[in-house]
Amino acid sequence: MSRTTPATAVSVPTTPGGTVPATTTPVPTRRELIGWLLRVTRPVLAPLLASTVCRVADLLLGVGLFALAAAAVVRTIAAIATGAALPGLWGIVGAMVAMSLVKAVLRYGEQFLGHFVAFKALELLRAEIFRALIPRAPRVMATARSGDLLARSTKDVDRIEVFFAHTFAPMVSAVIVPTTVLLVIGARASWALAGTVLPFLLAAILLVPLTGWRRSLRSSRESVAERAVLTQHVTDSVQGLAEVVGYGRTTERLAQMRELDDAVAAAGRAATGWASWRRGAVQLLVLAGPLAVLAVGAPAVEQGALGPVALAASAAAVLRLTETVRGVEEFAASLNASFASAERVYEVVHAPVEVPDGEIALPAAGAHEVVWEDVSYAYPGARAQALTGVSLTAAAGQWTCLVGVSGSGKTTLANLALRFDDPTGGRVLVDGHDLRELTADSLRREAALVSQRAHLFRASVAENVRLARPDATQAEVEEACRAAGVHDEVLAMEEGYETLIGERGASVSGGQRQRLSLARALLARPGVLVLDEFTSHLDPELEGRVRQAVRERLAGATVIEITHRLGRVGEADRVVVLDSGRVAQEGAPEALLAVDGPLRRLRERETV
Ligand SMILES: Nc1ncnc2c1ncn2[C@@H]1O[C@H](COP(=O)(O)OP(=O)(O)OP(=O)(O)O)[C@@H](O)[C@H]1O
């Protein structure tokens, strides 16, 4: 069961198991899931098999070594007791050394291949998710659940990797090694002895791992869900540290964290309890095996039906199986947890592409005309329409300003021009082409966005700007930054253009972030540029300079500017006033300001 956190709002998972439903993909059958997993991870299957073979051989050699040593000791004791000639000890020692060396090589092979499998499986699965996210990126980025979806996919991938790297080989060897050992004991010593051990091993390998696993699985899932709430809470607390401290909410946040911690522990208690029980039971069973061998074997030795050397070697071999069987008790739970994770990754990868690619490449041009034709839009899951029947044109090469009160639909309208999603009604056209017909690549090349929340990567300033055009020279990067009005500030940074920007762009101010994002867009030289509040952090003098630079550098480009600050709307070619997702007024700024209408009222509100 998922929980919500109390008081100071925390967004939390909402469905059982704590997973936000990422998509509408039907849940795959086990067969489909396994088929898909095998397809994705095909390149690691051969090394996985090789690693498993190494492990099996290594464990068998370990058993052989134990049995050989036990047999040698019993032979020696018997020789001393009867005064017979001592067995060839050097030969035995030589054989054991050779076996140990081979064992070491096998162990190395198993470890090396195991690590290769682990890293390669991670790489393959992450690449698969990333590939799937690319065509879905605009929609994913526009919806609040994107971060959650990504985080879960990453964690789930880790869990699948655990199965590949750490569960498969132990499980396979837990079946093959004991079976082989019992067959050898049966053939070389006595089938009665082998039969005595069989029930203990069957119980340890098959029965115990399955006991309570349904309850354990439920408990693990609940624990994972609670942990997700806790993680969300901790992330929120860290990101909002200034607010938490500033508003004196530390005690409250800590109390909530303790409460969530307790919930995680309580949810996982059943799983931990069953796991302890299983571990104990398996240990008991594998230790009972050699005792049973002795109990059955000793009378047989007395009766002369079995040699003491064979008995000692068999008991030692069975004792050594402890190592092989260890950890097998968690197999069922681990397998199911991996399948649950695989299901979640499968859903992401197989989700329908909500913004499918078109086939026409938008030709490169200095400017493009953007037309919204009777466009309506509602965000997925939202009851209200964000836009209703909007028809307007951003003429090629003109500067169009979208204004309106907060929530009136400005960002949504501009985002639809960049095809962050398709309208629920009507269509958006660029140079007469419905956006649905255009290839995503050509549209991204021709249209750029300078958003309020532009992301800066943990990389140097130059690398961040160059994101728009990786082949840009240093001189071009600097020129773009100069135009965006950020060049002098970059030079003043510790290492100039090589300064590393911290996580989430932490080491630059909001205004610098905006201007670096603008520099990126200027470097790309798009035919359509969407500027979302791009001067909100700038003082009037700098704002004037930056606007002038954009005009000069992108002379002829179509600019769509979203703004709340109306002081400079007079400079635009056209102004569109939005109200509750509809066009309330549009026209040349001087004409709109000349009448008592929505733009005048907005401006008066601003100056009050
Ligand atoms: N990701 C979203 N999911 C659901 N509803 C959204 C989302 N983004 C915006 N909305 C809603 O759509 C409507 C239009 O929002 P939009 O961001 O386009 O307005 P805006 O005019 O740009 O606002 P602001 O000036 O505050 O940025 C609002 O009612 C808003 O609550």
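Parameters at a glance
Residues numbered from 1 in each chain as written. Predicted model: local features only at pLDDT ≥ 70, side-chain atom pairs only at ≥ 80, totals over all residues. Heavy atoms only, no water. Salt bridge = Lys/Arg side-chain N within 4 Å of Asp/Glu carboxyl O. Helix = DSSP H or I, 4+ residues; strand = E, 2+ residues; numbered from the N terminus. Buried < 20%, exposed > 50% of the residue type's maximum accessible area, 1.4 Å probe, protein only. Polar contact = N/O pair within 3.5 Å; in protein donor to acceptor, adjacent residues only side chain to side chain. 1 Å grid on protein atoms, 1.4 Å probe; cavity = no way out; pocket = protein on both sides within 12 Å on 5 of 7 lines; lining within 4 Å. Points joined across faces, edges and corners; volume = space filled by probe spheres on them. Nonpolar A, V, L, I, M, F, W, Y, C, P; charged D, E, K, R; others polar. Pairing = 2+ DSSP bridges. Axes fitted to C-alpha atoms, helices over the stretch in contact; angles between N-to-C directions. Contact = heavy atoms within 4.5 Å. UniProt positions renumbered as here; feature names shortened; annotations may be inferred.

### Observations concerning the pattern of salt bridges
Summed over the entire model, instances satisfying the criterion amount to 25 salt bridges. Among the salt bridges present, the one from K103 reaches D58, with a minimum N-O distance of 2.8 Å. You can see K103 sitting in helix α3 (residues 89-142) and its partner D58 sitting in helix α2 (residues 42-82), a full 45 residues away along the chain. Side by side, K103 and D58 carry an identical accessibility label, which is buried. Residues R469 and D471 are paired through a salt bridge, measuring 3.8 Å at the closest nitrogen-oxygen approach. Looking at D471, the relative accessible area reads 61%, which means it is exposed. Three or more residues are tied together by salt bridges with common partners; here these are E543, R547, E561, R565, R568 and E571.

### Things to note about the environment of R574
Assignment of secondary structure puts R574 in strand β9 (residues 574-579). With a relative accessible area of 28%, R574 lands in the partly exposed category. Reaching out from R574, the side chain makes a polar contact with the side chain of E586 at a distance of 3.3 Å.

### Comments concerning empty space enclosed by the protein
Scanning the entire structure with this criterion turns up 4 cavities of 30 Å³ or more. Considered class by class, the residues forming the lining of the second largest cavity number 7 nonpolar, 1 polar and 1 charged.

### Here we look at the sheet that holds strand β6 (residues 447-450)
Strand order across the open sheet formed by 6 strands is β6-β7-β8-β3-β9-β10, with mixed pairing between neighbours. Only two strands of the sheet have a single partner each, and these edge strands are β6 and β10 (582-587). Between one strand and the next, the sheet's axes are offset by a mean angle of 15°, whatever the strand orientation. In this sheet, strand β8 (residues 558-562) lies alongside strand β7 (residues 528-532) in parallel orientation, the contact comprising 5 bridges. Note that in β8 the partner of L529 across the bridge is V559.

### Things to note about the sheet that holds strand β2 (residues 387-394)
With respect to topology, 4 strands assemble into an open sheet ordered β2-β1-β4-β5, the strand pairing being antiparallel. The open sheet terminates on both sides in strands that have one partner only, identified here as β2 and β5 (433-434). In the packing of helix α11 (residues 410-417) onto the sheet, contacts are made with β1 (370-377), β2 and β4 (425-430), and the angle to β1 comes to roughly 120°.

### A closer look at the UniProt feature "transmembrane region" (unreviewed entry) in the chain
With numbering matched to this structure, UniProt assigns "transmembrane region" (unreviewed entry) to residues 59-81, 87-106, 162-185 and 191-213. Helix makes up 90% of residues 87-106 and strand 0%, and the two end C-alpha atoms of the span are 29 Å apart.

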